Amino acid sequence: MEYLKRAEREADVQTDDERIQQVVKDMLTKIRREGTAAVEEYAMQFDNWQGDFVLSDEKRAALIASVPQRVKDDIDFAHRQIQRFANAQRSSLQAFEIETEEGVKLSQRVIPVDCAGCYVPGGRYAHAASALMSVATAKAASVPTVIACSPPRGDSINPAVVYAMDLAGADIILEMGGVHAIATMAFGLYTGKSADILVGPGNAYVAEAKRLLFGEVGIDVFAGPTESAVIADETADPMTIAVDLVSQAEHGPNSPVWLFTTDKALGQKVIELMPHVIADMPNADVCEAAWRDHGVVIVCDDREEAAKVSDEWACEHVQVQAADLVWWKENLTNYGSLFLGEGSTVTHGDKCAGTNHILPTKKAARYSGGLNVQKFLKILTTQELSKEANLTFSTAGSRISRTEGMEGHARACDWRLKKYFPDADWDFEVYQQKRYD
């Protein structure tokens, strides 16, 4: 393995994380203590916002009416794809009941959470696709109440984002962003509905707010800056790779883009092309910083090593531009989402292909996938044992409990053994509990 390009700057992650953590912790504490007064203070401070937070039906309709029809058509198209995939995910998880032994019925129910909070970022870009990814997926899971929020710019949220939220089925829309929006959804401020789960991408402060609230509420993934990798062999087009890497570098100056290749000449050519493709971009400074500071090119001896390197890095987005795509699909295991072949670029997944673009970063793909319908669903299990089944199961439960030193657990089983089988003799300890009723 050989590095043709290393990241020039590694951020002081620990210092940054500690600083952000303290800021967010202080904000959440203040909002817990002061409620809506603190939210209004932060909204004024960060967004210069003094208006109502809950988007009225009249303003919602007016914003939607201002969206050009072609934009609506494109969002409609993306919504259909996302909804189809989410519905298929939902259908793959079913309720069932089985009888494992005579007199023992085990079952599972699949039910949605009661309320989901969907955060839609609104800083540098208008993330209409992100609204679809979170809200439409929650609705495919049949979540009764979906609250969507996004930071206002000027006198409203971006109209296209409002259209996407509305189309996807948002029940309540909040014109609010940042840590105070996350807290508002978690604590049920202004809506009277506390979110059971918080989902959606955001900046480092939003991500930290979700992390600190995790446990009190559920979250989708622990998110960091967008990551994108391309795996390529000698069959790939260097220009296509450069265009794809630059397309993802525009997410931000701290968004890493990586190339893992088995062809050194191709890697060198991509490095040569990158400055030219970056210079063509309207936001060249952002792309240049991401590539300079966080871009990496690694040459691997063979495809097995390339797959190993990719899985070790566990990237959010992985594109494969190489021969034998089936081999790569079968051998790669750690990624947020996989894009096979030159015809598949990350933009497709980000905007309109149908798979979800809210994905794990910072190597979380080693143990987690991205946002999906199941994140909004609870798997509830049920057990029903007959009296007769207790002869076997209370016997086992009693003995296992005493093996673990848990006398109370054992006695719950012993009680049933004595009650249901009063004339039985036991070859192990069965406690004779005195009745007090």
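Look up: the structure comes first, before these words.
Quick caveat: nothing in here was measured; it's all calculated off a predicted structure.

Draft legend 1. Broad picture of the sheet that holds strand β1 (residues 2–5). Ordered in space as β1-β11-β10-β9-β12-β13, the six strands form an open sheet in which the pairing is mixed. The open sheet has two edge strands with one neighbour each: β1 and β13 (337–340). Each adjacent strand pair in this sheet contributes to an overall mean axis angle of 20°, direction not counted. Its contacts with the sheet place helix α12 (residues 303–313) against β1, β9 (228–232), β10 (257–261), β11 (296–299) and β12 (317–321), and it is angled at close to 155° to β10.

Draft legend 2. Structural context of the nonpolar core. In terms of nonpolar packing, the biggest core is built from 43 residues, with V143, M165 and F376 touching the most fellow members. Counting residues per element, the ones that place at least two in this core are α3 (57–65), α4 (69–91), β4 (115–119), α5 (128–140), β5 (145–150), α6 (159–168) and β7 (197–199). Per element, the largest residue contribution to this core is eight residues, and it comes from α5. By size, the runner-up hydrophobic cluster in this structure holds 32 residues, among which are I20, M176, V179 and I182.

Draft legend 3. Quick peek at the pattern of salt bridges. The tally for this structure, following the rule as stated, stands at 21 salt bridges. Here E175 and K59 are joined by a salt bridge, their closest N and O atoms 2.9 Å apart. Taken together, the positions of E175 in strand β6 (residues 172–175) and K59 in helix α3 put the pair 116 residues apart, joining distant regions of the chain. Judged by relative accessible area, which is 2%, E175 ranks as buried. Between E272 and K269 there is a salt bridge, and its shortest N-O distance comes to 3.2 Å. Taken together, the positions of E272 and K269, both in helix α10 (residues 264–279) and three residues apart, correspond to about one turn of that helix.

Calculation criteria
Residues numbered from 1 in each chain as written. Predicted model: local features only at pLDDT ≥ 70, side-chain atom pairs only at ≥ 80, totals over all residues. Heavy atoms only, no water. Pairing = 2+ DSSP bridges. Helix = DSSP H or I, 4+ residues; strand = E, 2+ residues; numbered from the N terminus. Axes fitted to C-alpha atoms, helices over the stretch in contact; angles between N-to-C directions. Contact = heavy atoms within 4.5 Å. Core = buried A, V, L, I, M, F, W, Y, C linked by side-chain atoms within 4.5 Å. Buried < 20%, exposed > 50% of the residue type's maximum accessible area, 1.4 Å probe, protein only. Salt bridge = Lys/Arg side-chain N within 4 Å of Asp/Glu carboxyl O.

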